[in-house]
Amino acid sequence: MSGPSVVALGGGHGLAASLAALRHVTDHITAVVTVADDGGSSGRLRREFDVLPPGDLRMALSALTEDTEWGHLWRDVLQHRFHGDGELGGHALGNLLIVSLWEQLGDTVTGLDMVGRLLNARGRVLPMAAVPLTIRADVMGEDPARPLDISVVTGQVEVATTTGRVLSISLDPEAPPACDEAVSAVDEADWVVLGPGSWFTSVMPHLLVPGLRDAIVGTGARRLLTLNLQMHTGETEGFSAENHLEVLAAHAPDLHLDVVLADPRVVTDEKLLRRVCEDLGADLVVVPVAATDQPGQHDELRLAAAYRDVLT
């Protein structure tokens, strides 16, 4: 198998689902991953060692692991999480391995490439920025007693779990340096795939890193946006499919899309959604990609078939 050169941007479970599907379509995959996580094992390692949070990078590497006994073994080792209340409790072994390699090699990208070699990964995993980031959000109604007040919520975990309505996000530092290898990958890609994933904390941050945003806007690659399977979750409570696209356009007004991929379950007004897509330059493709027995999760082969039909 060969296939087009694809750069997939996102973080967490959404990016992992996209990567698992793309492995069936092409051998040329680069994952560009958010680096704003401040919770759990990643947050602890970030604070203690002043490093990029490794968790989403680990998940992307696991999703690209070679489909062999060797690959499955090391994927499971990478994902293993220690139990208990001691200092290791809650840490994923893969996070510790990645940070260890960063300390040994003194280079983030080389360390990730080494883990990829261990897993025989079908692709490359890169951070979107060269420094750890903090997400800030303007939120309306964070205090239920003052539903019209706007406050600033800081941190990926806090933004993802806010009970208010997220209006906009920004990054600290405001203009972080992009990962040079990620920028080069976008420049050289045939396709750039955004989403699925937590909209404000996994998808849109890529458009707030100036060097990466400029590459996404200026690349000769075509751009595909994959909408989530659930619209009303956490940070996007009350959002329609159209709202997801509108906030994306508000944060990156010069971004042109070519295709928007949506599962029919999230399309409540197809005519309106098509019109919003057209405003971004995109065709709307509506096709079932959800698992039949788990509506909130992507079916790997269904999503792969949808990507194949669009990308090749």
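First, a word on what this report is: a plain description of the structure on this page. All values derive from a computational prediction rather than experimental measurement.

1. Details of the environment of arginine 165
Summarising the element assignment, arginine 165 is placed in strand β6 (residues 165-172). What makes arginine 165 partly exposed here is its relative accessible area of 34%. Residues arginine 165 and valine 25 lie 140 residues apart in sequence; the distance between their C-alpha atoms is 37 Å. Non-local contacts of arginine 165, meaning those with residues more than four positions away in its chain, are made with Asp138, Val139, Met140, Glu237, Gly238, Phe239 and Asn243.

2. Considerations on the packing of aromatic side chains
Tallied over the full model, the rule gives two aromatic pairs. Considering the side-chain rings of tryptophan 70 and tryptophan 74, the 6.0 Å spacing of their centres and the 50° angle between planes classify their relative orientation as tilted. Residue tryptophan 70 and its partner tryptophan 74 are both found in helix α4 (residues 69-79); the two are separated by four residues, about one turn of the helix. Measuring from centroid to centroid gives 5.8 Å for phenylalanine 200 and phenylalanine 239, while their planes differ by 85°, and the two rings are edge-to-face. With phenylalanine 200 in helix α9 (residues 199-203) and phenylalanine 239 in the loop between β8 (222-226) and α11 (241-251), this pair connects stretches of sequence that are 39 residues apart. For the residue pair phenylalanine 200 and phenylalanine 239, the accessibility class agrees, reading buried in each case.

3. Brief notes about the pairing of strand β10 (residues 283-286)
Sheet analysis places strand β9 (residues 259-262) next to β10, joined by four bridges and oriented parallel. For leucine 261, the partnering residue across the bridge sits in β10 and is valine 285. Handedness of the crossover joining β9 and β10 through helix α12 (residues 270-279) is recorded here as right-handed.

4. Quick notes on the environment of valine 183
By the secondary structure assignment, valine 183 is in helix α8 (residues 180-188). Apart from the residues lying within four places of it in its own chain, the contact partners of valine 183 are Ala178, Gly211, Leu212 and Ala215.

5. Focus on the nonpolar core
Core analysis: the largest hydrophobic core is formed by 102 residues, its most contacted members being Leu19, Leu212, Leu225, Leu245, Val260, Tyr307 and Leu311. If you tally residues by element for this core, the top one is helix α13 (residues 300-311), at six residues.

6. Re the sheet that holds β9
Within the open sheet, the seven strands sit side by side as β3-β2-β1-β7-β8-β9-β10. Their pairing is parallel. Looking at which strands have only one partner, the edges of the open sheet turn out to be β3 (124-127) and β10. Recorded for the sheet is a direction-independent mean angle of 20° between the axes of neighbouring strands. Bridging between β8 and β9 involves three bridges; their strand directions are parallel. Each bridged residue has a counterpart across the sheet, and for leucine 224 the counterpart in β9 is valine 259. Along the sheet, α13 makes contact with β1 (5-10), β7 (191-194), β8, β9 and β10, crossing β9 at roughly 160°.

7. Some words on the pairing of β9
Covered by surrounding structure in β9 are Val259 and Leu261 together with Val260 and Ala262, the residues of both alternating faces. With α11 bridging β8 and the parallel β9, this β-α-β connection has right-handed handedness.

8. Things to note about the pattern of salt bridges
Side chains that carry opposite charge are capable of pairing whenever their charged atoms lie near each other. Under the criterion given, the structure shown has 10 salt bridges. The shortest N-O distance in the salt bridge between aspartate 149 and arginine 146 comes to 2.4 Å. Look at the salt bridges and you will find they share partners, linking Arg222, Arg223 and Asp258 into a network.

9. A look at the side chain of serine 18
Here serine 18 is to be found in helix α1 (residues 12-22). Sequence-distant contacts of serine 18, that is, excluding residues within four places in its chain, are made with Ala8, Val193, Gly195, Pro196, Leu303 and Tyr307.

10. A short note on empty space enclosed by the protein
Applying the stated criterion to the full structure yields one cavity of 30 Å³ or more. When its volume is computed, the largest cavity comes out at roughly 30 Å³. Around the largest cavity, the lining residues are Thr226, Leu227, Asn228, Leu229, Leu261, Ala262, Asp263, Val289 and His298. Taken together, the residues of the lining of the largest cavity break down into five nonpolar, three polar and one charged.

Calculation criteria
Residues numbered from 1 in each chain as written. Predicted model: local features only at pLDDT ≥ 70, side-chain atom pairs only at ≥ 80, totals over all residues. Heavy atoms only, no water. Helix = DSSP H or I, 4+ residues; strand = E, 2+ residues; numbered from the N terminus. Buried < 20%, exposed > 50% of the residue type's maximum accessible area, 1.4 Å probe, protein only. Contact = heavy atoms within 4.5 Å. Phe/Tyr/Trp six-rings, centres within 6.5 Å; stacked < 30°, edge-to-face > 60°. Pairing = 2+ DSSP bridges. Right-handed = clockwise from strand over helix to strand, strands pointing away. Core = buried A, V, L, I, M, F, W, Y, C linked by side-chain atoms within 4.5 Å. Axes fitted to C-alpha atoms, helices over the stretch in contact; angles between N-to-C directions. Salt bridge = Lys/Arg side-chain N within 4 Å of Asp/Glu carboxyl O. 1 Å grid on protein atoms, 1.4 Å probe; cavity = no way out; pocket = protein on both sides within 12 Å on 5 of 7 lines; lining within 4 Å. Points joined across faces, edges and corners; volume = space filled by probe spheres on them. Nonpolar A, V, L, I, M, F, W, Y, C, P; charged D, E, K, R; others polar.

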